[in-house]
Amino acid sequence: MNDIICGDALEVLPMLPEAYFGGIVTDPPYGMAKDFGNESDSINNAVSLVKSVMPELFRVLRVGGMAFVFGSPRLIHKTINAGEAAGFVFQRILWMYKPNDCTFPWRGWLLTSEAIAVFSRGQPDRWQGEQYCHDCYHFNHSGGELPGSEQHPSVKPLDIVRDIVRKCPDGPILDCFVGSGTTLIAARQEGREFVGIEIEEDYCTLAEKRLARMQHILEL
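Residues numbered from 1 in each chain as written. Predicted model: local features only at pLDDT ≥ 70, side-chain atom pairs only at ≥ 80, totals over all residues. Heavy atoms only, no water.

Colleague: Could you give an account of helix 3 (residues 76–86), naming the residues involved and the relevant values?
Modeller: Of all the positions in helix 3, only Ile76, Thr79, Ile80, Ala82, Gly83 and Ala86 are classed as buried. Projection of helix 3 onto a plane perpendicular to its axis shows the buried side chains occupying an angular sector of 165°, all on one side. If you follow the buried residues of helix 3, they end up packed against helix 2 (43–60), strand 3 (61–71), strand 4 (89–97) and strand 7 (113–120). Two residues or fewer after helix 3 comes Gly87, characterised by a positive phi angle close to 120°. (Buried < 20%, exposed > 50% of the residue type's maximum accessible area, 1.4 Å probe, protein only. Helix = DSSP H or I, 4+ residues; strand = E, 2+ residues; numbered from the N terminus. Arc of directions from axis to C-beta. Contact = heavy atoms within 4.5 Å.)

So this is what it looks like as structure tokens:
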């Protein structure tokens, strides 16, 4: 617990206990040919990966738990289809609007949004919170949150991920595509236990460094 497992999610997930996690917050490859150190971000590989991983995510999520899966608006329907085929109940799509970051032109539009597919295993636990936010998160600055010496092609905003983790039902948090470790940092900030899986050793190291810095700040 509270650990990063450096390995292939498709090999590691079957070793995790069934119905254990209260929340899954993860950001698989989008099929946009970004360089993650492997070939996972081709469209075919990205779709195949999501289809393969969804049954295991369903298995390890407890009844009443929720899963939040980031994705490209172009391919999010395939994520939803794969989730429903695995047994998840699809709840809705949330959005992350990024007007100043990672903007791509397409046929007269600027593509400035990412989708977040929201699933549950059965009926999700009742929301006990009191503070609500819009279903479209707004990330209004450019650049990532990493120091210049640390790089990852798809760093998610910590404040947004932390809000999602905060709204996950009780139980440990799982991220099977850790990347730079933002989900795990958000879980630690929220006092939640976590497990992370990442196939690239360099990103495992990066996430561990970020977690160590966060732990040092928390202990001050």
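Colleague: Kindly report on unusual backbone geometry, identifying the contributing residues and their values.
Modeller: Unusually for a residue other than glycine, Asn2 sits at a positive phi of about 55°. Given the relative accessible area of 35%, Asn2 is considered partly exposed.

Colleague: Give me the lowdown on the side chain of Glu114, citing residues and values where you can.
Modeller: Residue position: Glu114 is located in strand 7. Under the relative-accessibility criterion, Glu114 is labelled buried at 8%. At a separation of 3.3 Å, a polar atom in the side chain of Glu114 contacts the side chain of Lys156. Residue contacts for Glu114: discarding those within four places in its chain leaves Tyr30, Phe70, Gly71, Pro73, Leu94, Trp95, Met96, Lys98 and Lys156. (Polar contact = N/O pair within 3.5 Å; in protein donor to acceptor, adjacent residues only side chain to side chain.)

Colleague: Give a description of empty space enclosed by the protein that names residues and reports values.
Modeller: On inspection of all chains with the given rule, the structure shows 1 cavity of 30 Å³ or more. Taken as a whole, the largest cavity spans an internal volume of roughly 110 Å³. Taken together, 13 residues form the lining of the largest cavity, with Pro29, Ala46, Val50, Leu75 and Thr79 sitting closest to its centre. Contributing elements (two or more residues each) for the lining of the largest cavity: helix 2, strand 3 and helix 3. Each residue belonging to the lining of the largest cavity can be placed in one class, and the counts come to 9 nonpolar, 3 polar and 1 charged. (1 Å grid on protein atoms, 1.4 Å probe; cavity = no way out; pocket = protein on both sides within 12 Å on 5 of 7 lines; lining within 4 Å. Points joined across faces, edges and corners; volume = space filled by probe spheres on them. Nonpolar A, V, L, I, M, F, W, Y, C, P; charged D, E, K, R; others polar.)

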